Amino acid sequence: MADPGTAVIEEVSAPLRFRPMGPDVFGHDQPQALLAAIAEDGEPLLDLIDQHVVSMQAFRPETLLQLFRLAAKFESNPDRYCRHNTPLTGKILINAFYEPSTRTRLSFDSAWHRLGGDSINITDRSTTGIAKGESLEDVAHMFNNYGDCVVLRDSNPDAVYAMTSTLRIPIINAGNGIDEHPTQAMADLYTIFKWRPSLALTEVLPKDRIRIGVIGLPSRMRTVRSLLRILSKFPQILEEVVVIHAAGVESEAPLFDPGQLEELEASGVTIRCSSDLAAEIPELDVVYINAIAWVGDSYEVHGGGFRLTRDLPFKPEAIVLHPLARGPELSTCLDDTPHNWYFSQARGAVFLRMALLTCMVNRAERVMDVI
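Residues numbered from 1 in each chain as written. Predicted model: local features only at pLDDT ≥ 70, side-chain atom pairs only at ≥ 80, totals over all residues. Heavy atoms only, no water.

Q: Summarise the overall build of the chain; cite the residues concerned and give the values.
A: Check the secondary structure of the chain and you find twelve helices and eleven strands. For the chain, buried positions account for 53% of its 371 residues. For the chain, restricting intrachain contacts to residue pairs at least 6 apart in sequence, the fraction spanning at least 24 positions comes to 74%. Here the chain displays about 16,200 Å² of accessible surface, and carbon together with sulfur accounts for 52% of that area. (Helix = DSSP H or I, 4+ residues; strand = E, 2+ residues; numbered from the N terminus. Buried < 20%, exposed > 50% of the residue type's maximum accessible area, 1.4 Å probe, protein only. Contact = heavy atoms within 4.5 Å. Areas by Shrake-Rupley, 256 points an atom, 1.4 Å probe, with all protein chains shown as cover.)

Q: Tell me about the sheet that holds strand β11 (residues 319-321), residues and numbers included.
A: Strand order in the open sheet formed by five strands is β7-β6-β5-β8-β11, and the pairing between neighbours is parallel. The strands lining the two open edges of the sheet, one partner per strand, are β7 (271-274) and β11. Recorded for the sheet is a direction-independent mean angle of 20° between the axes of neighbouring strands. (Pairing = 2+ DSSP bridges. Axes fitted to C-alpha atoms, helices over the stretch in contact; angles between N-to-C directions.)

Q: An account of the packing of helix α5 (residues 103-114) against helix α12 (residues 342-360) is needed here, citing residue identities and associated values.
A: The relative placement of two packed helices comes down to the angle between their axes together with the axis-to-axis distance. Running from N to C, α5 and α12 cross one another at 55°; their axes reach a closest spacing of 8 Å. Considered as vectors, α5 and α12 are oriented oblique to each other. α5 and α12 meet at a crossing whose hand is right-handed. Contact with α5, carried on its side by Arg103, Thr104, Ser107, Phe108, Ser110, Ala111, Trp112 and Arg114, involves Ala346, Val350, Phe351, Arg353, Met354 and Leu357 of α12 and no other residues of that element. (Parallel < 35°, antiparallel > 145°, perpendicular 65-115°, else oblique. Left-handed = near helix turned anticlockwise from the far one by under 90°.)

Q: Mind laying out the nonpolar core, listing which residues take part and the relevant values?
A: Side chains of nonpolar character tend, in soluble globular proteins, to be buried together. Formed by 75 residues in total, the largest nonpolar core has its most connected members in Phe68, Met186 and Phe193. Broken down by element, this core gets its largest block of residues, nine residues, from α12. When sequence neighbours within four positions are dropped, the list of residues in contact with Met186 reads Val53, Met56, Phe59, Leu64, Leu67, Phe68, Ile230, Leu352 and Leu356. Of all hydrophobic cores here, the second largest spans 19 residues; its members include Ile94, Ile130, Leu136 and Val160. (Core = buried A, V, L, I, M, F, W, Y, C linked by side-chain atoms within 4.5 Å.)

Q: Quick rundown of the packing of aromatic side chains? Include the residues and the values.
A: All told, the structure shown has four aromatic pairs when counted by the stated rule. Ring geometry for Phe68 and Phe193: centres 5.6 Å apart, planes at 75°, overall edge-to-face. Residue Phe68 is found in helix α3 (residues 61-76), and its partner Phe193 is found in helix α8 (residues 182-195); the two are separated by 125 residues along the sequence. Accessibility classification places Phe68 together with Phe193 in one group, the buried group. (Phe/Tyr/Trp six-rings, centres within 6.5 Å; stacked < 30°, edge-to-face > 60°.)

Q: Residue-level account of the side chain of Asn95, with values.
A: Here Asn95 shows up in strand β1 (residues 92-97). Take Asn95: its relative accessible area is 0%, and that puts it in the buried class. Within the structure, Asn95 has its side chain in polar contact with the side chain of Asn121 (distance 3.3 Å). In this structure, Asn95 is in contact with Arg105, Phe108, Asp109, Ile120, Asn121, Ile122 and Val151, ignoring residues within four places of it in sequence. (Polar contact = N/O pair within 3.5 Å; in protein donor to acceptor, adjacent residues only side chain to side chain.)

Q: Lay out helix α9 (residues 222-231) with the relevant residues and their values.
A: For α9, the buried fraction is high: ten of the ten residues fall into the buried class. Among the residues of α9, those classed as buried are Arg222, Thr223, Val224, Arg225, Ser226, Leu227, Leu228, Arg229, Ile230 and Leu231.

Q: Give a description of the pairing of β1 that names residues and reports values.
A: Across the six residues of β1, five count as buried, placing the element largely inside the fold. Pairing of β1 with strand β2 (residues 118-122), which is carried by five bridges, proceeds in the parallel orientation. Bridged to Ile92 within β2 is Asp118. For the segment spanning β1, α5 and β2, crossover handedness is right-handed. Summarising the sheet, β1 and strand β3 (residues 149-154) pair through five bridges and their orientation is parallel. (Right-handed = clockwise from strand over helix to strand, strands pointing away.)

Q: Before we move on, can you summarise unusual backbone geometry with the specific residues and values?
A: Each neighbour pair has its own omega, and for Leu324 with Ala325 the value is 10°, a cis peptide bond. Following the sequence through the fold, Ala325 ends up in the loop between β11 and α12. Backbone geometry places Asp50, a non-glycine residue, at a positive phi of 60°. Here Asp50 is to be found in the loop between α2 (30-37) and α3. The class of Asp50 is exposed, set by a relative accessible area of 75%. Unlike most non-glycine residues, Leu324 shows phi in positive territory, near 60°. By the element assignment, Leu324 lies in the loop between β11 and α12.

By themselves, these figures tell us nothing about what the structure is for.
Right, here's the structure in full:
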């Protein structure tokens, strides 16, 4: 009888090859179409000079559209900007992540390096002066001397606001507790516009408007809160937003914070709530799902009874988005279907952050009018 260990050795001795193309290819060709749908206008990008990115509320739709256009320019021709046009050469990014992160931290780091900059990474609060009682305001004073931009993720929702009081360089909120995650929302909407570039046109006909299903808890999930806020900047693209939640969730936590729903409705967004995922799926153009809410140094799981699988009655052209990391709510059986745009969503976030960072350190003039 053959030794099973020998079979393993023989199998491993053969070359292990990868396939250059995979599920993340969905959405790869769309940046060119989005680029053509948005006329270039550099003026709205001037808003980002000397501005912190803390909440989605502060952004004009015009600024967001031009950010998406610049991101599409980067994504359409990354070699040009990575090899021949490096506008962040000589600039230093301070990546301060005091909460677990894969995609957000690495995508900011990747974006900065792709554009020629260097970065400093802090992944443990205990290695900083904060552990010795140093105030956030004093830490920010030090950051002014060490870098050109700060990206902060902190479970304390007030930390980013405290640091803005003494920072003289821009800071980007990469997630502050259950409050907001603005650049994730930008990446989410950028993905939606790549999927259907006609939504970025000045006028969207009623027949072309979309219905988005958001599976999550707006009062507890920062990704959902920021997504709803960025959608409120573009009510003309929406037929309806359906917030899908577990039955009885309001007995444990409110679905919306005080004033949150009113703020969305005042912007012109039609919001409807439902606890029946199966009944809603056939009418949804975009399905956005998340299950994790970071609270303090741990996390909550919401909507554990919901699970997206390929056998659900999706519209043929419907797309599924997820901020990742995924749990059981998003089955891997969807990975090789055209509904999978969550990998494209993660890929596009790098280019979106490239666009944002270029503008925030006042280097946009180096990449405007260049395709």
